[in-house]
Structures are given as C-alpha cells and as structure tokens.
Amino acid sequence: MAPLPIIIDCDPGIDDAIALAMTIASVDLDLVAVTTTFGNVGIEKTTRNALRILESFKSNAPVYVGAHRAILSEAIDAAVYHGPDGMEAPGLKESTRKPEPKHAVSFLID
C-alpha cells in the first residue's frame, strides 16, 4: 500500500519536532508539506524551527508560513518557558532552505 500523503500544520517546539521526526521516519506516511503558525513564540521562529527540523531529518517537504496571530486573541510569547526560539535544540543546525513564497492558507486551498 502506498504511503498516506499528509500535511502537518504546527508551531514547532519540542512536541512538534517529535511529530515531524516520526512522520518523516514512517514508511506509512508521506510528508507532503508543513504549514507553520505562531505558537509559544512568533511565526518567524516557528518557521525557522520547522526548516531546521526538516533539514536535520533530510526531508524536502516544503514549508509554508501561516498565521502570525490568533483570530480572536493576542499572541502570547511563552519564550520564558520554552526558550528564546521556542525549542531548545542547540544541536540543530541552521537551515539553508527558505519557506515557500505562497501563504499557508493559499497552499491549503490549492
């Protein structure tokens, strides 16, 4: 049976790093793309984390940047609890990749 195509929408911190790693390692799943949103830290940092994770685990899945804040409330920066980048992983190298130019919502609609 062919792997199930999957898109993961996340705000990469440690929990999402594990989910992405497990998805990439799975023979039953095909990571088609990752869409990012703000979370414990801002969208720039969560997107950077997604790119770092994917590159570290040798995934070429594209990354699309999504929402930088909630619709009905203000974003809360929880870096004091989750570290300055939202994911204390000093062993992960910087990614050489960039996110896709298309917004995550537009990608999902397409």
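Here, the structure is the one placed above.
Everything quoted here is computed from the prediction, not taken from an experiment.

1. Points about a nonpolar patch on the surface
- A contiguous nonpolar patch, built from Ile7, Val32 and Leu108 and spanning about 240 Å² of accessible area, is present on the exposed surface.
- As for its placement among the helices and strands, Leu108 is situated in helix H4 (residues 104-109).

2. Here we look at the pattern of salt bridges
- Applying the stated criterion across every chain, the model contains 4 salt bridges.
- The partner of Arg48 in a salt bridge is Asp85, with the nearest N and O atoms 3.8 Å apart. Placement of Arg48 in helix H2 (residues 43-56) and of Asp85 in the loop between helix H3 (79-82) and H4 is noted, with a sequence separation of 37 residues between them.
- The shortest N-O distance in the salt bridge between Asp85 and Arg52 comes to 3.2 Å. In this pair, Asp85 is assigned in the loop between H3 and H4 and Arg52 in helix H2, connecting sequence segments 33 residues apart.

3. Considering the pairing of strand S1 (residues 4-10)
- Strand direction decides the pairing type here: S1 and strand S2 (residues 29-36), joined by 7 bridges, are parallel. Across the sheet, the residue bridging to Cys10 is Thr36, located in S2.
- You can see the chain leave S1, run along helix H1 (residues 14-25) and come back into S2, and the turn it takes is right-handed.

How each quantity is defined
Residues numbered from 1 in each chain as written. Predicted model: local features only at pLDDT ≥ 70, side-chain atom pairs only at ≥ 80, totals over all residues. Heavy atoms only, no water. Patch = residues over 30% accessible without salt bridge, like charges linked within 9 Å, V, L, I, M, F, W, Y side chains within 5 Å. Areas by Shrake-Rupley, 256 points an atom, 1.4 Å probe, with all protein chains shown as cover. Salt bridge = Lys/Arg side-chain N within 4 Å of Asp/Glu carboxyl O. Helix = DSSP H or I, 4+ residues; strand = E, 2+ residues; numbered from the N terminus. Pairing = 2+ DSSP bridges. Right-handed = clockwise from strand over helix to strand, strands pointing away.

In short, the description is geometric, and any link to function would need to be established separately.
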